[in-house]
Amino acid sequence: MSTVALSKNELDAPAAQALEAILVSISGALLARGWMLTTAESCTGGLIAAACTDLAGSSQWFERGVVSYSNAAKTELLGVDADLIAQHGAVSEPVARAMAEGALARSHAQVSLAVTGVAGPTGGSASKPVGTVCFAWCVAGRTHCHTLHLSGNRAAVRDATLRHALAQLAAWLAASA
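Residues numbered from 1 in each chain as written. Predicted model: local features only at pLDDT ≥ 70, side-chain atom pairs only at ≥ 80, totals over all residues. Heavy atoms only, no water.

(A) Quick look at the overall build of the protein chain. Looking only at helices and strands, the protein chain has seven helices and five strands in total. For the protein chain, the succession of helices and strands along the chain, N to C, is α-α-β-α-β-α-α-α-β-β-β-α. Its C-alpha atoms give the protein chain a radius of gyration of 16 Å, near enough to 16 Å, the size a compact globule of 177 residues would have. When the 177 residues of the protein chain are sorted by exposure, 42% land in the buried category. By sequence separation, contacts in the protein chain at least 24 residues apart represent 65% of the contacts at least 6 residues apart. Accessible area for the protein chain stands at about 8,600 Å²; split by element, carbon and sulfur atoms hold 56% of it. Separation between the mean location of the 11 positive side-chain charges and that of the 12 negative ones in the protein chain comes to 4 Å. (Helix = DSSP H or I, 4+ residues; strand = E, 2+ residues; numbered from the N terminus. Rg over C-alpha atoms; globule rule 2.2 N^0.38 Å. Buried < 20%, exposed > 50% of the residue type's maximum accessible area, 1.4 Å probe, protein only. Contact = heavy atoms within 4.5 Å. Areas by Shrake-Rupley, 256 points an atom, 1.4 Å probe, with all protein chains shown as cover. Lys, Arg positive; Asp, Glu negative; His and termini not counted. Charge placed at Lys NZ, Arg CZ, Asp CG, Glu CD.)

Encoded structure:
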């Protein structure tokens, strides 16, 4: 019996193929409408924008991405009201909504998605434990928000956030067709 060592990329091939399929769906939906996408990311630190731009031809449908990790960046780059952050916390649906709407208003895109959360391993609280992620999408003039409680280590939370944000965007685009 022989042992074969697989690289991380080979181990993750099915997950990578699934993500690529989602991105192909998103790109097709955006291109069909002549729309562009912008992202506003906190806990993922640009992973969503990177995944989008990994797909060849993404410059035809991906307009820009903003990494707004700090509260100040959320305010300065996306126009999120500091009082909103003070009242609800950076990890909240109102802030995710403001991030998505701010990214859209400050871009040439017609669609946006935003994520803000606690990836861990520290930073959680009783009301917002590690793995709490708030999502928002602006599609076809409507903003949609929800919160998930994801499990796993920091990398797992960030990866699940990336995949959910894009899968749900594909669903919102399909629903708006």
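There's more to say after this.
(B) Representation of the state of the cysteines within the structure. Counted by the stated rule, this structure contains zero disulfides. Just so you know, Cys 138 is unpaired, no disulfide at all, and the nearest cysteine sulfur is the one on Cys 145, 7.8 Å from it. The class of Cys 138 is buried, set by a relative accessible area of 4%. The class for Cys 145 is partly exposed, based on a relative accessible area of 21%. (Disulfide = S-S within 2.5 Å.)

(C) Quick look at the side chain of Ser 68. Position of Ser 68 relative to the elements: it lies in the loop between strand 2 (62-67) and helix 4 (71-78). A relative accessible area of 0% means that Ser 68 is categorised as buried. Contacts of Ser 68, omitting those with residues within four sequence positions, involve Glu 41, Ser 42, Ala 73, Lys 74, Leu 78 and Met 99.

(D) Structural context of unusual backbone geometry. Cis geometry marks the peptide bond from Gly 120 to Pro 121; its omega dihedral reads 5°. Structurally, Pro 121 is set in the loop between strand 3 (111-117) and strand 4 (132-139).

(E) Focus on the packing of helix 2 (residues 13-33) against helix 7 (residues 154-175). Remark: helix 2 packs on helix 7, axes separated minimally by 9 Å, with the N-to-C direction vectors making an angle of 35°. Crossing of helix 2 against helix 7: the hand is left-handed. For the pair formed by helix 2 and helix 7, the contact residues are Ala 15, Ala 16, Leu 19, Ile 22, Leu 23, Ser 25, Ile 26, Ala 29, Leu 30 and Arg 33 on the first element and Leu 162, Arg 163, Leu 166, Ala 167, Leu 169, Ala 170 and Leu 173 on the second. (Axes fitted to C-alpha atoms, helices over the stretch in contact; angles between N-to-C directions. Left-handed = near helix turned anticlockwise from the far one by under 90°.)

(F) Molecular detail of the pattern of salt bridges. Taken as a whole and assessed by the stated rule, the structure comprises three salt bridges. Between Arg 64 and Glu 63 there is a salt bridge, with the nearest N and O atoms lying 2.6 Å from each other. Residue classification places Arg 64 among the partly exposed positions, given a relative accessible area of 29%. Measuring nitrogen to oxygen at the nearest pair gives 2.9 Å for the salt bridge that ties Arg 163 to Asp 159. In this pair, Arg 163 and Asp 159 are both assigned in helix 7, four residues apart and thus about one turn of the helix distant. You can call Arg 163 partly exposed: its relative accessible area is 24%. Judged by relative accessible area, Asp 159 falls into the partly exposed class, the value being 32%. (Salt bridge = Lys/Arg side-chain N within 4 Å of Asp/Glu carboxyl O.)

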